[in-house]
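# Structural description and commentary
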Amino acid sequence: MIDKQILLLPGPTPVPPQVALALARPAINHRGPEFKALWEEVTVGLQDVFQTRSEVVILTASGTAGMEAAVANFVSPGEKVLAVSIGAFGERFIQIARAFGVETEVMAFPYGQAADPDAIAARLAADKGQEIKAVLVQHNETSTGVLNDIQAISRARGNHPALLIVDSISGLAAADLPMDAWHVDVVIAGSQKAFMLPPGLTMLAVNERAWQAAEKCTNQRFYLDIKKARNSGLKGQTPFTPAVPLLFGLQESLRLLREETLAGSFARHALMRTMVRAGARALGLELLADDRVASPAVTAVCVPAGMQPAAIIKPLREEFGVVVAGGQGEVKDRVFRIGHLGYVSCSDVLAGLAALENVLADAGAAVSRGAAVAAAGAILNESIGGK
Ligand SMILES: Cc1ncc(COP(=O)(O)O)c(C=O)c1O
C-alpha cells in the first residue's frame with residue numbers, strides 16, 4: 001500500500017474506478033457509427049453541465065488551449081478586451097490575449113480578492129464607443145481559491161455588447177454557473193477538474209452571439225478553429241483524431257454527475273470547502289481568501305510565519321501520502337493549496353487534515369493534534385444530521 005495516495009489537488013483530480021475502466025475500453029473507429037453515437041451522447045450531456053442549450057465544442061488539448069481558442073476565435077488583432085484578473089490564471093489570459101495581438105486592458109485585483117462587479121460596470125459604462133469587444137474572467141481562480149461572482153459580473157455588463165468569456169476550467173460542476181440564465185457567452189472547462197477525468201480535453205460552450213463573433217474574427221487559428229470543430233461535430237466527427245479513451249471516460253463521468261446531480265455536486269464541494277476552512281483555522285492557519293468569496297474547489301492556506309510551503313507539502317506526501325499543491329504566481333512562497341475538487345470525498349478531507357495537523361505538530365508548531373479533524377468532523381456531522 002505504500003503507493004496509495006490521497007490527491008487533494010486542484011487538478012488533475014482523482015479518477016473514479018468506473019471512469020478508469022471506461023478509459024480502458026477497446027479502441028473504436030473514430031470515423032465510424034460507434035464514435036458518432038458516443039460523440040452525440042457526450043455533447044448533449046455536456047450541455048446539462050454547462051446549463052445551456054448552446055453548442056459545446058470539445059477539443060483534444062488541455063485547458064490553456066481552451067483559453068487560447070476563446071481568444072483566437074472571438075477577438076481579432078487590434079480589437080480591445082477587458083481582462084479581469086484576480087490571480088495567476090487571470091494573468092495567463094492576459095498573456096494569451098497579448099500573444100494574439102489583442103489590445104488588452106487589464107483590471108487586476110489583489111491575490112485573495114474577487115473581482116469587483118461595480119468596477120467592471122463603471123469601466124464598461126465609460127466605454128461609450130463600445131471598443132471593448134470582450135470581458136475575459138475566471139470563474140474559479142485556482143491560484144488563490146477565490147470564486148468570482150459571474151452572475152454579478154454579467155449584470156455589470158448591462159447593455160454593453162462585449163462578449164463575456166469565462167474560464168471555468170476549475171469551476172464547472174463544482175460551483176453553479178448556469179450559462180444561459182446568467183447570459184454568459186463562452187464558458188471554458190477542462191477534463192481534469194470536476195469532470196474527474198485525466199487531462200487532455202477542453203470544452204467550450206459557445207452561444208449564438210459568440211458564434212457570430214467567430215464568423216467575423218480575423219485571428220489566426222488552425223487546430224483550435226472552433227468553426228471547424230463545430231462543422232465536424234454536426235456530422236458526429238472531429239476535424240482531427242480525437243482522444244477516444246477520454247471521450248469514453250467523459251461518457252462515464254457525465255453519467256456519474258447525472259447520478260449525483262449538479263446540485264449534489266455543488267453541495268459536496270461546498271461542504272468540503274467549509275470542512276477544510278474550519279480544519280485549517282482550528283490549527284491557527286490563515287486562509288488567503290475571505291469566507292464570502294471562498295472557492296468550493298480549492299483552498300489556499302497561508303503557511304505559518306518562518307515556514308516554507310515545501311516544509312508542509314513534502315512531509316504530507318512522503319509520510320502520509322497526502323498530495324497537496326504548492327502556491328502559484330505572487331503568493332507562491334506564502335501558501336499551499338488544498339484541492340477538494342472532483343472525485344474527492346469528505347473522508348479524504350478528514351484524512352488530509354489529520355495528516356496536516358501531525359505534520360505541523362512534528363514541525364514544532366503550536367497546534368493540538370486532532371483539532372482540525374474535530375472541527376471539520378463537527379461540520380460533516382452537522383451536515384449529515386448527526387448528534
Ligand atoms: C482556472 C484555470 N484556468 C486555466 C487552467 C489551465 O489549464 P491546463 O493546465 O489544463 O492547461 C487551469 C489549470 O489549473 C485553471 O485552474
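Conventions adopted
- Residues numbered from 1 in each chain as written.
- Predicted model: local features only at pLDDT ≥ 70, side-chain atom pairs only at ≥ 80, totals over all residues.
- Heavy atoms only, no water.
- Helix = DSSP H or I, 4+ residues; strand = E, 2+ residues; numbered from the N terminus.
- Near = heavy atom within 4 Å.
- Polar contact = N/O pair within 3.5 Å; in protein donor to acceptor, adjacent residues only side chain to side chain.
- Areas by Shrake-Rupley, 256 points an atom, 1.4 Å probe, with all protein chains shown as cover.
- Nonpolar A, V, L, I, M, F, W, Y, C, P; charged D, E, K, R; others polar.
- Contact = heavy atoms within 4.5 Å.
- Domains from an automatic or database assignment.
- Buried area = accessible area lost by both parts, 1.4 Å probe.
- Core = buried A, V, L, I, M, F, W, Y, C linked by side-chain atoms within 4.5 Å.
- Buried < 20%, exposed > 50% of the residue type's maximum accessible area, 1.4 Å probe, protein only.
- Pairing = 2+ DSSP bridges.
- Axes fitted to C-alpha atoms, helices over the stretch in contact; angles between N-to-C directions.

## Digging into unusual backbone geometry
- Between Gly11 and Pro12 the backbone carries a cis peptide bond, its omega angle lying at -10 degrees.
- Topologically, Pro12 is positioned in the loop between strand E1 (6–7) and helix H1 (17–23).
- The backbone of Gln51 shows a phi angle near 55 degrees, a positive value even though the residue is not glycine.
- Among the structural elements, Gln51 can be located in the loop between helix H2 (33–50) and strand E2 (55–60).

## A closer look at the site of the ligand
- Taken together, 13 residues surround the ligand, and among them Ser62, Thr64, Thr142, Asp167 and Lys193 come closest.
- Contact distances for the ligand include 2.8 Å between an oxygen atom and a backbone N or O atom of Gly63.
- Between a nitrogen atom of the ligand and a side-chain N or O atom of Asp167, the distance comes to 2.6 Å.
- Contact with the protein chains covers 87% of the free accessible surface of the ligand, which is 390 Å².
- For the shell around the ligand, the secondary structure elements donating two or more residues are helix H3 (63–74) and helix H4 (88–99).
- Looking at the shell around the ligand element by element, the count peaks at three residues for H3.
- Taken together, the residues that form the shell around the ligand break down as three nonpolar, seven polar and three charged.

## Regarding the side chain of Glu252
- In this fold, Glu252 is placed in helix H9 (residues 244–260).
- Not counting chain neighbours up to four residues away, the residues in contact with Glu252 comprise Gln18, Val19 and Ala22.

## Remarks on the domain arrangement of the chain
- The assigned domain composition of the chain is domain 1 (6–11 + 261–383) and domain 2 (17–259).
- Between the C-alpha centres of domain 1 and domain 2 there is a distance of 28 Å.
- In this complex, domain 1 contributes 25 residues to the contact, which on the side of domain 2 involves 28 residues.
- Between domain 1 and domain 2, a total of about 2,100 Å² is buried, with carbon and sulfur atoms accounting for 64% of that surface.
- When residues of domain 1 are sorted by the area they lose upon contact with domain 2, Leu262, Phe266 and Val293 head the list and together hold 23% of the total.
- Applying the counting criterion to the domain 1 and domain 2 interface returns nine residue pairs in polar contact (both at pLDDT 80 or more).
- Sorting the residues of the side of domain 1 that touches domain 2 by element identifies helix H10 (262–282) and strand E11 (298–302) as the ones contributing at least two each.
- Counting residues per element, the side of domain 1 that touches domain 2 draws most heavily on H10, at four residues.
- Its residues assigned to classes, the side of domain 1 that touches domain 2 comprises 14 nonpolar, eight polar and three charged.

## Quick word on the nonpolar core
- Ranked by internal contacts, the top residues of the largest apolar core, which has 62 residues, are Phe195, Met203 and Leu250.
- In terms of residue count, the dominant contributor to this core is H9 (eight residues).
- In terms of domain composition, this core takes at least three residues from each of domain 1 (6–11 + 261–383) and domain 2 (17–259).
- Excluding its chain neighbours within four sequence positions, the residues that come into contact with Leu250 are Val42, Leu46, Ile58, Phe195, Leu197, Leu201 and Met203.

## Quick look at the sheet that holds E11
- In spatial order, the strands read E11-E14-E13; together these three strands make up an open sheet with antiparallel pairing. Strands with a single pairing partner mark the edges of an open sheet, and in this sheet they are E11 and strand E13 (325–326).
- Here two bridges tie E13 to strand E14 (residues 335–339), and the two strands are oriented antiparallel to one another. Note that in E14 the partner of Gly326 across the bridge is Phe336.

## Here's the deal with the sheet that holds strand E3 (residues 80–85)
- Strand order in this open sheet of seven strands is E2-E10-E9-E8-E5-E3-E4, and the pairing throughout is mixed. Only two strands of the sheet have a single neighbouring strand rather than two, namely E2 and strand E4 (103–108). Looking at each pair of strands side by side, their axes are set apart by 20 degrees on average, direction ignored.
- The pairing of strand E8 (residues 163–167) with strand E9 (residues 186–190) spans three bridges and is parallel. Bridged to Val166 within E9 is Val187.
- Packed onto the sheet, H2 meets E2, E9 and strand E10 (201–206) and runs at close to 115 degrees relative to E2.

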